[in-house]
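Understanding the architecture of this molecule
Residue strings, one per chain:
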Amino acid sequence: MVLADAKAGARNEAGIAAVLGILKQAFGERFQTGESFRAQHAHTTTYIPSQLPDGVVFAETRADVQTVVKTCAEHKVPVIPFGTGSSLEGQVNAPQGGISIDFSRMNRIIEVNAEDLDCTVEPGVTREQLNTYLRDTGLFFPIDPGANASIGGMASTRASGTNAVRYGTMKDNVLSVTVVTANGEEIRTARRAKKSSAGYDLTRLFVGAEGTLGVLTSVTLRLQGIPQKIAGGACAFPDVKSACDAVIMTIQMGVPVARIELLDAMQMRACNRYSGLTYDEKPTLFLEFHGTDETVALQSAQFAEIAAECGGGKFLWTSNAEERNKLWKARHDAYWACRALAPELAALSTDVCVPISRLAECVAETQADIEAHGLLAPIVGHAGDGNFHVLVLFDDKTPEGIAVVENFVARLNARALAMDGTCTGEHGIGQGKMAFLEQELGDAVDLMRQIKESLDPDAIFNPGKIFRRH
């Protein structure tokens, strides 16, 4: 299970000692080995124990990244990229020690091509920083995973979020990346053209690789125009099946919804308490429509009809920005709202994704599982693309408490795979879902291993993630 996959691996003590000396000389105060610095670059937002790197380099240029990679490659020492540390499956841990590259100072927006609707940024740029910069251009970057994650981290985990139903995920919105490979050289995977048939699709090889094939030094992104009008609202349903049926009908009828999020009754209770809301504590859909005055009014009316047909309550929608922001702030605070239900307990956030036609069935079976085992585990989902999250609150101080949550996660993943779904829609594999990747893709994982061994023969890039190295 998860903790078995997160065990520390063999350390190259001699190589690490040599690299520490070289990097200290090369970077001075921008290289830190103090325990507090190292601990900040190994924290995880799950119960997987932190595994500290041996040193942290605060990179400022591509040349800095190349220096670190070349030095570590020469001495066969691991390199772990670090954006903001918001990943959920232990991606920033250092199970074999090594060097963490902190990208917080590589946060320059290199260029914006407003006419072409694209931009190129350094990996440390955060999504909020980028959208603030873009505001005066009339453009925005739509991928919103909730956390103010770095663009490099979002690309590396193939992140998505609440807007994915309309705008897609990171794999749909990254046009090109530059990457430092195992020999310390930098390559560019594509040009800015919106389409290409030139060779292998290397961009999508590195997008989602979780730092295991190379280190990103820039990302070129597709942008969207800021909608003239945005409307949003919420609608309660008597049960999860009714809510999911409304989602399925909305998607199948081609209503161009921008966001459609499912919160179960327990999650609504948590959000009401934490965010000061007064919504019915029933399964609820949060929605948002983008367009003109006329189109968002039409789309809202269409959804209201669908909701009524599926047994939902009144769809309360508004185009008032302050009211919409309050609604989505509550959605983005769902994690903290859940934690507030039982602050003394640990939390594990996990996700699966299934074909949308199986969403109601998968969520209902998961709720039955939660009830049967007496778990405290609210559900929230990006219902428009069949992706949902369960936040399990549990006692992590005892082996029994950990076994209960690990067994639940195993059943959840088995359920999703049985419905031809995936073990993770957006969190990535990291350390936490290695066993489930094998179950999901079988022999295809061996091909991944071959790619890894070809591009990273000494396994220096973020080792101990995605799959076990045979």
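Residues numbered from 1 in each chain as written. Predicted model: local features only at pLDDT ≥ 70, side-chain atom pairs only at ≥ 80, totals over all residues. Heavy atoms only, no water.

**With respect to the domain arrangement of the protein**
Often, the extent of an interface is quoted as the loss of accessible area on bringing the components together. Taken as a whole, the protein is organised into domain 1 (2–104 + 451–455), domain 2 (109–192 + 201–225) and domain 3 (229–419). Relative placement of domain 1 and domain 3: their C-alpha centres are 36 Å apart. Contacts between domain 1 and domain 3 engage seven residues on the former and seven residues on the latter. Between domain 1 and domain 3, a total of about 610 Å² is buried, with carbon and sulfur atoms accounting for 56% of that surface. For domain 1, the biggest contributors to the area lost against domain 3 are Thr45, Tyr47 and Leu88; these three give 64% of the whole. Across the contact surface, domain 1 and domain 3 share zero residue pairs in polar contact (both at pLDDT 80 or more). Class assignment of the residues belonging to the side of domain 1 that touches domain 3 gives a composition of four nonpolar, two polar and one charged. (Domains from an automatic or database assignment. Contact = heavy atoms within 4.5 Å. Buried area = accessible area lost by both parts, 1.4 Å probe. Polar contact = N/O pair within 3.5 Å; in protein donor to acceptor, adjacent residues only side chain to side chain. Nonpolar A, V, L, I, M, F, W, Y, C, P; charged D, E, K, R; others polar.)

**A short note on the pairing of strand β14 (residues 284–291)**
The buried fraction of β14 is high, at eight of eight residues. Burial along β14 is two-sided: the residues Thr284, Phe286, Glu288 and His290 and Leu285, Leu287, Phe289 and Gly291 are all buried. Pairing of strand β12 (residues 229–236) with β14, which is carried by eight bridges, proceeds in the antiparallel orientation. Across the sheet, the residue bridging to glycine 232 is glutamate 288, located in β14. Here strand β13 (residues 257–263) runs beside β14; their pairing, made up of six bridges, is antiparallel. Note that in β14 the partner of valine 257 across the bridge is phenylalanine 289. (Buried < 20%, exposed > 50% of the residue type's maximum accessible area, 1.4 Å probe, protein only. Helix = DSSP H or I, 4+ residues; strand = E, 2+ residues; numbered from the N terminus. Pairing = 2+ DSSP bridges.)

**Let's talk about the sheet that holds strand β4 (residues 99–102)**
Two modes of strand pairing occur in sheets, parallel and antiparallel, and in both the strands are linked by backbone hydrogen bonds. Taking strand neighbours across the sheet as the criterion, the four strands line up as β1-β2-β4-β3 in an open arrangement whose pairing is mixed. The open sheet has two edge strands, β1 (31–32) and β3 (79–82), and neither has a second partner. In this sheet, strand β2 (residues 55–58) lies alongside β1 in antiparallel orientation, the contact comprising two bridges. Of the residues in β2, the one forming a bridge with phenylalanine 31 is valine 57. Lying over the sheet, helix α4 (residues 62–75) contacts β2, β3 and β4, oriented at roughly 170 degrees with respect to β4. (Axes fitted to C-alpha atoms, helices over the stretch in contact; angles between N-to-C directions.)

**Observations concerning the packing of aromatic side chains**
Considering all chains together, one arrives at seven aromatic pairs under this definition. Where phenylalanine 37 meets phenylalanine 58, the ring centres are 6.1 Å apart and the plane angle is 80 degrees; that geometry is what we call edge-to-face. Placement of phenylalanine 37 in helix α3 (residues 35–40) and of phenylalanine 58 in strand β2 is noted, with a sequence separation of 21 residues between them. On the basis of relative accessibility, which here comes to 29%, the residue phenylalanine 37 falls in the partly exposed class. Taken together, a centroid distance of 5.7 Å and an interplanar angle of 90 degrees make the contact between phenylalanine 140 and tyrosine 167 edge-to-face. (Phe/Tyr/Trp six-rings, centres within 6.5 Å; stacked < 30°, edge-to-face > 60°.)

**Focus on the pairing of strand β18 (residues 387–394)**
Within β18, eight of the eight residues are buried, which leaves it mostly tucked inside the rest of the structure. Here β18 shows two buried faces, one formed by Asn387, His389, Leu391 and Leu393 and the other by Phe388, Val390, Val392 and Phe394. Two elements, strand β16 (residues 346–353) and β18, share eight bridges in a ladder whose sense is antiparallel. Within β18, the position partnered with leucine 348 by the bridge is valine 392.

**What about a nonpolar patch on the surface?**
A contiguous nonpolar patch, built from Ile187, Tyr200 and Leu202 and spanning about 330 Å² of accessible area, is present on the exposed surface. Mapped onto the elements, leucine 202 comes out in helix α9 (residues 202–206). In this structure leucine 202 comes out as partly exposed when scored by relative accessible area, which is 32%. (Patch = residues over 30% accessible without salt bridge, like charges linked within 9 Å, V, L, I, M, F, W, Y side chains within 5 Å. Areas by Shrake-Rupley, 256 points an atom, 1.4 Å probe, with all protein chains shown as cover. Salt bridge = Lys/Arg side-chain N within 4 Å of Asp/Glu carboxyl O.)

**Details of the UniProt feature "domain: FAD-binding PCMH-type" (unreviewed entry) in the protein**
Under the UniProt annotation, the feature "domain: FAD-binding PCMH-type" (unreviewed entry) is placed at residues 49–226. Across residues 49–226, the secondary structure splits into 23% helix and 24% strand, with the terminal C-alpha atoms separated by 41 Å. (UniProt positions renumbered as here; feature names shortened; annotations may be inferred.)

**Section: the packing of helix α10 (residues 240–252) against helix α12 (residues 293–309)**
It is at 9 Å that the axes of α10 and α12 come closest, and there the two elements cross at 140 degrees. Here α10 is positioned oblique relative to α12, judged by the angle of their axes. In this structure, α10 crosses over α12, and the sense of that crossing is right-handed. Each of Ala246, Met249 and Thr250 in α10 lies in contact with α12, whose residues at this interface are Phe303, Ile306 and Glu309. Tallied by class, the residues present in the contact of α10 with α12 amount to four nonpolar, one polar and one charged. (Parallel < 35°, antiparallel > 145°, perpendicular 65-115°, else oblique. Left-handed = near helix turned anticlockwise from the far one by under 90°.)

**Quick word on the sheet that holds strand β9 (residues 186–188)**
The strand order β5-β6-β10-β8-β9 describes an open sheet built from five strands, whose pairing is antiparallel. Edge positions in the sheet fall to β5 (109–113) and β9, since each has one partner strand and no second. The mean angle between the axes of side-by-side strands here comes to 15 degrees, regardless of whether they run parallel or antiparallel. Where strand β6 (residues 118–121) and strand β10 (residues 215–222) come together, four bridges link them in antiparallel fashion. In the strand pairing of β10, valine 121 is matched with valine 219. Here α4 sits on the sheet in contact with β5, β8 (174–180), β9 and β10, set at roughly 140 degrees to β10. Relative to the sheet, helix α5 (residues 127–134) contacts β5, β6 and β10, its axis offset from that of β5 by approximately 45 degrees.

**With respect to unusual backbone geometry**
Only a minority of non-glycine residues have a phi that is not negative, and only a minority of peptide bonds are not trans. The phi torsion at aspartate 420 lies on the positive side, around 65 degrees, for a residue other than glycine. What makes aspartate 420 exposed here is its relative accessible area of 67%.

**Thoughts on the pattern of salt bridges**
Opposite charge on two side chains allows them to pair when their charged atoms are near. Using the criterion set out here, one finds 31 salt bridges in the structure. A salt bridge links arginine 30 to aspartate 64, with the nearest nitrogen and oxygen atoms 2.8 Å apart. With arginine 30 in the loop between α2 (13–27) and β1 and aspartate 64 in helix α4, this residue pair connects regions lying 34 residues apart in the sequence. Of the two residues examined, arginine 30 and aspartate 64, each falls in the buried class. Between arginine 411 and aspartate 369 there is a salt bridge whose closest N-O contact spans 2.9 Å.

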